[in-house]
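Below, each chain spelled out in residue letters.
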Amino acid sequence: MADALLRVRDVRKTFPGVVALDGVQLTVGRGEVHALLGENGAGKSTLLKTLAGAQRADQGTIDFDGRTLSPDDTPIQRQQAGIVTIYQEFNLLPAMSVAENMYIGREPLRNGLIDWQQMFRDAQKIIDDLGLELGPKTQVRKLSVAEQQMVEISKALTMNAQLIIMDEPTAALSGREVDKLHEIIRDLKAKGISIIYVSHKLNEVKAVCDRYTVFRDGKYITSGSVADVTVNDMVRQMVGRDVEFLKKQATGTVGDVVLKIQGVSRAGSVSDPHAVVLRDMSVEVRAGEIVGFAGLVGAGRTELARVIFGADPCDEGIVYVNGNQISPLRSPKQGIDAGIALVPEDRKQQACFLVHSIRQNMTLPSLGRLTKWKYFIDEAAETKLIEEYRQKLRVKMANDQVAIGTLSGGNQQKVILARCMALKPKVLIVDEPTRGIDVGAKAEVHQVLFDMARSGIAVIVISSELPEVMAVSDRIVTFREGQITGSMPAGEATEEKLMSRMAIGVGEHHVHAAE
Ligand SMILES: Nc1ncnc2c1ncn2[C@@H]1O[C@H](COP(=O)(O)OP(=O)(O)OP(=O)(O)O)[C@@H](O)[C@H]1O
Ligand SMILES: [Mg+2]
């Protein structure tokens, strides 16, 4: 490529015990949307961090916009050079306005004072240019996740970014928000700005990217034009083999009702305006059964899961496990004691103790079971358990003593899953279990869920990806605006049928149509 904006050559980066990048290359053209693909732990985020100046490469060169960048650049120097990264955990200040966040530290001045009018005008112009509906004076904390991401992009434009790096930008977005983001990306591209787009959702890559590069185990594998390959080709290049999306086999060995939820209701909350109102929700899950919860963002799936687990209270409703009433639960600890395990949707905030070791994260809640003669932790049993799950889920880690925060995103998710499995619960609830997980590992996670069900556990799977819900479930329960709108065997489900029970504004006759 003659007119490359970015040319990365022979970059190497090691951590104790791990070669994260082993002499990789990456070339991005001007005005090009470039997908960086690879399995969990392939080294994608590590390369992006070295581009952003957040990490120093051990060797290699980065040429950008016609000059070679110094390996000692700080993140600010890289921003000034035109490389802006949009992280998943946004760096916005919630109490400040959209415009203040966009210009923080670089506010327009007049006679040495901040020129507020100028700042709001400039901000408005950028927002309008992007076709966004954001008020520059709105406080950032009042915005949705998607809107905050738009603020980050607007902010990048105030810095005259030439390359915008997006690491899994759609992980927390709904379908409509993804479309909007893609529209903006096409817009940026038309302005001549280049994008590096990391995602495990290959249909998105097909939709919005021009070229792609694949890493595997820290090594460069290939790159090419997205138009020339199918999704399956990309999968093969990433994983090095064919991957099948297994569908759950109906085992016909579904047992008695394990979990019974009756009439769970909850009014809105004064303190949290985003809280979802739950209306008279009832569900039963049998031993060995996998029930999928399908619904749009805000339909109440996560909220119901948290009530069942004891993480949130409800106003009304009874929860039974094996016929015994366990509600009201006052804490997740009580939920765990009652035999319920939850893998939450937001692993960073709710699930990981990032500075603790993988070993501690995996076995902490089940240590009670691993004690010998009551007082001593049976380290041999602990090691065996960790090893078993490391192999089962193919967790990529140097050893189990390193902090979980140093694992790649997808591998962190696997450790959390292993932790819940180690609890040997009666009811397992997994909320977006494969978010951030690569295609190959997805099939492995599904297999583990099938195994869990086969061992007699009642499993609930919450997923925003309908193909995933349809593949893993025996039965699918649909949610809409805090209500359950139907239940059907997965064998009869189609995306259209499910959507009509999930979508807002569908006639009430659908509510009773199912079952
Ligand atoms: N600070 C660190 N200390 C130790 N090891 C690290 C650190 N950062 C990354 N690694 C290791 O480097 C490898 C590459 O990780 P990286 O986060 O770049 O993967 P990734 O391709 O982004 O994966 P994912 O798709 O799961 O996000 C992993 O094995 C990871 O554990
Ligand atoms: Mg990553």
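The coordinates are above.
What comes next concerns the included structure. Note that the structure is predicted; figures quoted are calculated from it, not measured. (Residues numbered from 1 in each chain as written. Chains lettered and ligands numbered in written order. Predicted model: local features only at pLDDT ≥ 70, side-chain atom pairs only at ≥ 80, totals over all residues.)

Okay, the packing of helix α14 (residues 409–422) against helix α15 (residues 439–454) next. Interaxial distance between α14 and α15 falls to 12 Å at its minimum, and their mutual angle equals 5°. The pairing of α14 with α15 is recorded here as roughly parallel in orientation. Here α14 contributes Gly410, Lys414, Leu417 and Met421 to the contact with α15, which in turn contributes Ala441, Val445, Val448 and Met452. Residue composition of the contact of α14 with α15, by class: six nonpolar, one polar and one charged. (Axes fitted to C-alpha atoms, helices over the stretch in contact; angles between N-to-C directions. Helix = DSSP H or I, 4+ residues; strand = E, 2+ residues; numbered from the N terminus. Parallel < 35°, antiparallel > 145°, perpendicular 65-115°, else oblique. Contact = placed C-beta atoms within 7 Å. Nonpolar A, V, L, I, M, F, W, Y, C, P; charged D, E, K, R; others polar.)

Here we come to the nonpolar core. Counting 72 residues, the largest nonpolar core has Ile308, Val427, Leu428, Ile429, Val459, Ile460 and Val461 as the members making the most contacts within it. Sort the elements by how many residues they give to this core and α14 lands first, with seven residues. Structurally, this core is a two-domain feature, drawing no fewer than three residues from each of domain 2 (257–339 + 425–513) and domain 3 (352–424). For Leu428, the residues in contact, after removing those within four places along its chain, are Ala341, Cys420, Met452, Ile457 and Val459. Membership of the second largest hydrophobic core comes to 62 residues, among which are Ile62, Leu202, Cys209 and Tyr220. (Core = buried A, V, L, I, M, F, W, Y, C linked by C-beta atoms within 7 Å. Buried ≥ 20, exposed ≤ 12 C-beta atoms within 10 Å, placed from the backbone. Domains from an automatic or database assignment.)

We now examine the environment of Ser463. Residue placement: Ser463 occurs in the loop between β22 (458–462) and α16 (466–472). Ser463 gets classed as buried once you count the C-beta atoms within 10 Å, which come to 23. C-alpha of Ser463 to C-alpha of Gly295: the two residues are 168 residues apart in sequence and 8.3 Å apart in space.

Another point: the pairing of β22. Within β22, five of the five residues are buried, which leaves the element mostly enclosed by the surrounding structure. Burial along β22 is two-sided: the face carrying Ala458, Ile460 and Ile462 and the face carrying Val459 and Val461 are both buried. Two elements, strand β15 (residues 290–294) and β22, share four bridges in a ladder whose sense is parallel. Considered in β22, the bridge of Val291 is made with Ile460. In the sheet, strand β21 (residues 427–431) pairs with β22 via five bridges, with the strands oriented parallel. Among the inter-strand pairings, Val427 is bridged to a residue of β22, identified as Ala458. A crossover links β21 with its parallel partner β22, the connecting element being α15, and its sense is right-handed. (Pairing = 2+ DSSP bridges. Right-handed = clockwise from strand over helix to strand, strands pointing away.)

Moving on, we get to the site of ligand 1. Taken together, 19 residues lie around ligand 1, and Phe15, Asn40, Ser45, Ser408 and Gly410 are the ones closest in. The set of elements that each furnish at least two residues to the shell around ligand 1 consists of β2 (18–29), α1 (44–52) and α14. Residue composition of the shell around ligand 1, by class: five nonpolar, 11 polar and three charged. For the shell around ligand 1, the two domains that each supply at least three residues are domain 1 (4–239) and domain 3 (352–424). (Near = placed C-beta within 6 Å.)

A word on the sheet that holds strand β13 (residues 257–266). Spatially, the four strands line up as an open sheet ordered β14-β13-β16-β17, and their pairing is antiparallel. The sheet is open, and its two borders are formed by β14 (278–286) and β17 (324–325), each paired with just one other strand. In this sheet, β14 lies alongside β13 in antiparallel orientation, the contact comprising six bridges. If you follow Val257 over to β14, its bridge partner there is Arg286.

Further remarks concern α14. Look at α14: 20 Å from first C-alpha to last across 14 residues, which is about the 20 Å you get at 1.5 Å a residue. Among the 14 residues in α14, 14 count as buried, and that is most of the element. (Expected span 1.5 Å × (residues − 1).)

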